[in-house]
Amino acid sequence: MTRPHLSPSTLAAGAGRPRLFGSLYAGNARSVMARGWRATRSTNALVVLSGFVEPIFYLLSMGLGLGTLIGQVQTVEGASVPYAAFIAPALLAVAAMNGAIYDSTWNVFFKMQFAKLYEGMLATSLGPLDVALGEISLALLRGLLYATGFMLVMQALGLNLSWWALLALPAVLLVAFGFASVGMAVTSYMKTFQQMDWINFVLLPMFLFSATFYPLSVYPQGIQYVIQALPLWHGVELVRGLTTGQVDPGLLWHVLYYVAMIAIGLFFTTRRLKALFLN
Amino acid sequence: MPEPVIVAQNLVKRYQDFVAVDGISFEVAPGESFGLLGPNGAGKSTTMRMIGAVSTRTSGKLSVLGLDPNGYGPEIRSQLGVVPQENNLDMELRVRENLMVYGRYFGLPHARVARRADELLEFAQLEDKATAKVDDLSGGMKRRLTIARALINDLRMLLLDEPTTGLDPQARHILWDRLFRLKEQGTTLLVTTHYMDEAEQLCDRLVVVDKGRIMAEGSPADLIRRYSSREVLEVRFGSTQNAEVAGRIQGFGERVDVLPDRILVYSDSGENELERMTAAGLRPITSLVRRSSLEDVFLRLTGRNLIE
């Protein structure tokens, strides 16, 4: 503490060689993740548990209950599958979305506005990209836990119709990453609780209408285009394709959609955090 | 002379509609304890944020630890300890966890952070609070934890933004004692404050800042000698009488300041002035002779009280 200390990074800086991302990234997102893990363990364990059981309740009531009345449903590819097997992958994608959104919106909003957590983080050698990546990664980790649990339930109920279902796990992560990154970007621009409510206002209809509980073909053509522009529809179709084994190259479009979402979300989050805390 | 740890030349920070820092220049030597003294809104915190590499300057030159904060934010921040004006402790973590997690933000190895955390808990007199919730700590304890947290890395300089604002007198004295120890160990301190006594306790040298500009610079004793007198006599005649009496005491001491609630007489001996006053037939309701302080310097320089 008392002696002058020259860290390797100082020496590198003295040589006049700025790093790739300049002041944005210190390569230490894992410390932000580790912080979130500790905090969740001690204070938010119950919230985590509720996020896990919620989609399972939906699956049991609608898939098994309602499903006995409905019987078989046609997928986009034209195959006929039991109703529970039709909505289970959609619920999985929704669970990923909800988990990611919870972590990246309400949690982030609170930390920015009230806890001043990011202000403290950015006074250290961390950069805004470290904070963004760390928070989003934690949301993903949680999404992965939910998804794995849900997949096990699906397996037990015989709703995974193909070995392709294994790829649904990384697919769900991709979906969660997309929502977390856009969710955090949007949240970083919000200032009041009222604005935060808009997020729910967008999410609920998206959950209900994104071909979650019935095939897209029930809509007239015009509405189909609208639904197909929304992110959740891509997630639902991607995961459904994998768990029902209806795999074709068209699924890659859904993957591409999420890659774009991730890139755009990270870009705006980093830019906004920099403007807010390193102005 | 060793290379200064801070060199600011004509430093300016302008927001859309106002100028927070308006061309200030100063240098801080290693091991020095340097203060920015001024009222709220004088530009102290903004200056601190620019030095802490979390705010970019509008113009002027700034070098912190030999580096330009515009290009080397993370490098500079890795060698600073920062105590912000408001505690931003992590309320979701326990006391010791706050130190551990913060150390990891600097990318320091776990074992070293753990060792350091225990040393700092002792330094901050919080050993028996290691597993307590942050919310359950008193204001003074939270402040000490924030300072302990700022010391977790291998810092070369500690930035303290109003370290004791809002604390009760006892908590302030404990805190000053801790900061004084750091100073004795040779830690460079940069302190902003609007408390005179704090500046006199902690700062080797300071600048008086008002409206984004430097009004004066020197050691506390130096500034008092230059802009005030050795002692000050404070007398009150009651708010209705003050103005009337004022005319009759012009010429007392080196200088007289008439404030709404009291009259200040600057002099080498406050007692002598009080005797003269009594001899002249003036009977103040209350009188107080005290040492001159930075408060008087500020009043002299700006014509205003420091805390309104």
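Note that the structure is a prediction, hence the values are computed from the model and not measured.

Conventions and cut-offs
- By convention here, each chain's residues receive numbers from 1 onward along its written sequence.
- Lettering of chains starts at A and numbering of ligands starts at 1, both following the order in which they are written.
- With the structure being a predicted model, the display of local features is reserved for residues of pLDDT at least 70 and the display and counting of side-chain atom pairs for 80 or more, all residues being used for whole-chain, interface and lining totals.
- Every helix listed is a DSSP run of H or I at least four residues long, and every strand listed is a run of E at least two residues long, numbered separately from the N terminus.
- In this scheme every C-beta is placed from the backbone, and a residue whose C-beta has 20 or more other C-beta atoms within 10 Å is buried, one with 12 or fewer is exposed, and one in between is partly exposed.
- Throughout, a pair of residues is in contact if the C-beta atoms placed from their backbones lie within 7 Å.
- Comment: axis = line fitted to C-alpha atoms, over the contacting stretch for helices; angle = value between 0 and 180 degrees taken between N-to-C directions.
- If an angle is under 35 degrees, it is roughly parallel; if it is over 145, roughly antiparallel; if it lies from 65 to 115, roughly perpendicular; otherwise it is oblique.
- Side-chain classes follow a simple rule in which Ala, Val, Leu, Ile, Met, Phe, Trp, Tyr, Cys and Pro form the nonpolar group, Asp, Glu, Lys and Arg form the charged group, and the remainder, Gly included, forms the polar group.
- How sure the predictor is of each residue is captured by pLDDT, a score from 0 to 100.
- The rule for pairing is simple: two strands pair if DSSP sees at least two bridges between them.
- For this entry, the nonpolar core is defined as buried Ala, Val, Leu, Ile, Met, Phe, Trp, Tyr and Cys residues connected by C-beta atoms within 7 Å.
- Per the annotation, domain bounds derive from an automatic or database assignment of domains.
- By definition, any crossing whose near helix is turned counterclockwise from its far helix by less than a right angle is left-handed, and any crossing with a clockwise turn is right-handed.
- To estimate how far a helix should reach, multiply one less than its number of residues by 1.5 Å.
- To obtain the arc, one takes the directions from the helix axis to the C-beta atoms.

**Observations concerning the overall build of chain A**
Looking only at helices and strands, chain A features eleven helices and two strands. Counting from the amino terminus, helix and strand elements in chain A follow one another as α-α-α-β-β-α-α-α-α-α-α-α-α. Taking the principal axes of the C-alpha coordinates as reference, chain A spans close to 75 × 40 × 35 Å. Counting every position in chain A, which comprises 279 residues, the buried fraction comes to 45%. Residue pairs in contact within chain A that sit at least 24 positions apart in sequence constitute 83% of those at least 6 positions apart.

**What to know about the overall build of chain B**
The helix and strand tally for chain B stands at eleven helices and 13 strands. Over its C-alpha atoms, taken along the principal directions, chain B stretches across nearly 75 × 45 × 40 Å. Within the span of chain B, comprising 308 residues, buried residues form 49% of the whole. Counting only contacts in chain B whose residues sit at least 6 apart along the sequence, the fraction spanning at least 24 positions is 68%.

**Looking at the packing of helix α4 (residues 83–113) of chain A against helix α8 (residues 193–209) of chain A**
Residue and element names in this part refer to chain A. Packing of α4 against α8 leaves a shortest axis separation of 12 Å and a crossing angle of 175°. On the basis of their axis angle, the class for α4 and α8 is roughly antiparallel. Of the residues in α8, those touching α4 at Val 94, Ile 101, Thr 105, Trp 106 and Phe 109 are Met 196, Ile 199, Leu 203 and Phe 207. Partitioned by chemical class, the residues of the contact of α4 with α8 number eight nonpolar, one polar and no charged.

**A closer look at the confidence of the model for chain A**
Residues and elements named next belong to chain A. In the predicted model, chain A carries a mean pLDDT of 86, and 91% of its residues have values of at least 70. For chain A, helix α1 (residues 8–14) is the element with the lowest average pLDDT, namely 39, and helix α10 (residues 231–244) is the one with the highest, namely 96. Throughout residues 1–18 the model reports pLDDT below 50, and contacts reaching past four residues in sequence, or to other chains, amount to 22 contacts.

**What about the sheet that holds strand β4 (residues 59–64) of chain B?**
All names here are of chain B. Strand order across the open sheet formed by three strands is β2-β1-β4, with antiparallel pairing between neighbours. Of all strands in the sheet, those with a lone pairing partner are β2 (19–28) and β4, marking the two edges. Here the average twist between neighbouring strands, direction ignored, is 20°. One ladder, built from seven bridges, connects strand β1 (residues 6–14) with β2; its direction is antiparallel. Bridge pairing in β2 places Lys 13 opposite Val 21.

**Regarding the nonpolar core**
Core analysis: the largest hydrophobic core is formed by 150 residues, its most contacted members being Leu92(A), Ala93(A), Ala96(A), Val172(A), Val175(A), Ala176(A) and Leu159(B). Ranked by residues supplied to this core, first place goes to α4(A) with 20 residues. Ignoring sequence-local partners within four residues, the contact set of Ala96(A) consists of Gly143(A), Ala147(A), Val172(A), Val175(A), Ala176(A) and Gly235(A).

**Section: the domain arrangement of chain B**
Its domain assignment divides chain B into domain 1 (6–218) and domain 2 (229–292). Computed from C-alpha atoms alone, the centre-to-centre distance between domain 1 of chain B and domain 2 of chain B is 39 Å.

**Focus on the interface of chain A and chain B**
Contact with chain A, which involves 34 residues of that partner, is made by 35 residues of chain B. Mapped onto the side of chain A that touches chain B, the elements with two or more residues apiece are α1, α2 (29–43) and α5 (117–121) of chain A. Per element, the largest residue contribution to the side of chain A that touches chain B is seven residues, and it comes from α2(A).

**What about the packing of α4(A) against α10(A)?**
All names here are of chain A. Put simply, α4 and α10 touch, their axes get as near as 8 Å, and they point 130° apart. Relative to α10, α4 is oriented oblique. Judged by the sense of rotation from one axis to the other, the crossing of α4 with α10 is right-handed. Packed against α4, whose contacting residues are Ala 85, Ala 88, Pro 89, Ala 90, Leu 92, Ala 93, Ala 96 and Met 97, the element α10 presents Leu 232, Gly 235, Val 236, Val 239, Arg 240, Thr 243 and Thr 244 at the interface. Its residues assigned to classes, the contact of α4 with α10 comprises eleven nonpolar, three polar and one charged.

**Brief notes about the pairing of strand β12 (residues 263–267) of chain B**
All names here are of chain B. The element β12 is extensively covered by neighbouring structure, given that five of its five residues are classed as buried. In the sheet, strand β10 (residues 231–236) pairs with β12 via five bridges, with the strands oriented antiparallel. Bridge assignment links Glu 234 to a residue of β12, and that residue is Leu 264. Across four bridges, the pairing between strand β11 (residues 255–258) and β12 is antiparallel. Counterpart to Asp 257 in the pairing with β12 is Leu 264. Between β11 and β12, which pair antiparallel in sequence order, lie four residues.

**Observations regarding α8(A)**
For α8(A), built from 17 residues, the straight-helix expectation of 24 Å at 1.5 Å per residue is met to within 8% by its first-to-last C-alpha distance of 26 Å. With zero of 17 residues buried, α8(A) is to be regarded as a mostly surface element.

**Concerning the environment of Phe26(B)**
All names here are of chain B. Along the chain, Phe 26 falls in strand β2. In sequence terms Phe 26 and Leu 206 are 180 residues apart; their C-alpha atoms lie 9.6 Å from each other. Ignoring any residue separated from it by four or fewer positions in sequence, one finds Phe 26 in contact with Ala 8, Val 207 and Glu 217.

**A few points about the confidence of the model for chain B**
All names here are of chain B. Confidence along chain B averages 91 in pLDDT terms, with 98% of residues attaining 70 or more. Mean pLDDT values for the elements of chain B range from 80 in helix α9 (residues 242–249) up to 97 in helix α3 (residues 95–105). Interface predicted TM-score (ipTM) for the complex: 0.83; the corresponding pTM is 0.85.

**Considerations on the sheet that holds β11(B)**
Residue and element names in this part refer to chain B. Overall, antiparallel pairing links the four strands, which are arranged β11-β12-β10-β13 in an open sheet. The open sheet is flanked by β11 and β13 (286–291), the only strands paired with a single partner. The mean angle between the axes of side-by-side strands here comes to 20°, regardless of whether they run parallel or antiparallel. Of the pairings in the sheet, the one linking β10 to β13 comprises six bridges and is antiparallel in character. Within β13, the position partnered with Glu 231 by the bridge is Arg 291. Running over the sheet, helix α10 (residues 270–279) touches β10, β12 and β13 and is turned about 35° from β10.

**With respect to the environment of Ile70(A)**
All names here are of chain A. Structurally, Ile 70 can be placed in helix α3 (residues 45–70). Judged by the 16 C-beta atoms lying within 10 Å of it, Ile 70 falls in the partly exposed class. Ile 70 sits 13 residues away from Tyr 83 along the chain, and the two C-alpha atoms are 6.6 Å apart.

**Re helix α4 (residues 110–123) of chain B**
Residue and element names in this part refer to chain B. If you check α4, its first and last C-alpha atoms are 20 Å apart, about what 14 residues at 1.5 Å a residue would give, namely 20 Å. Every buried residue belonging to α4 is among Val 113, Arg 116, Ala 117, Leu 120 and Leu 121, and all of these are buried. One side of α4 carries all its buried residues, which in axial view fall inside an arc of 140°. Facing away from the buried surface of α4 by more than 90 degrees, the exposed residues are Ala 111, Arg 115 and Glu 122. Tucked inside the fold, the buried residues of α4 contact α3 and α5 (139–150). Two residues or fewer past α4, Gln 125 is found with a positive phi of approximately 55°.

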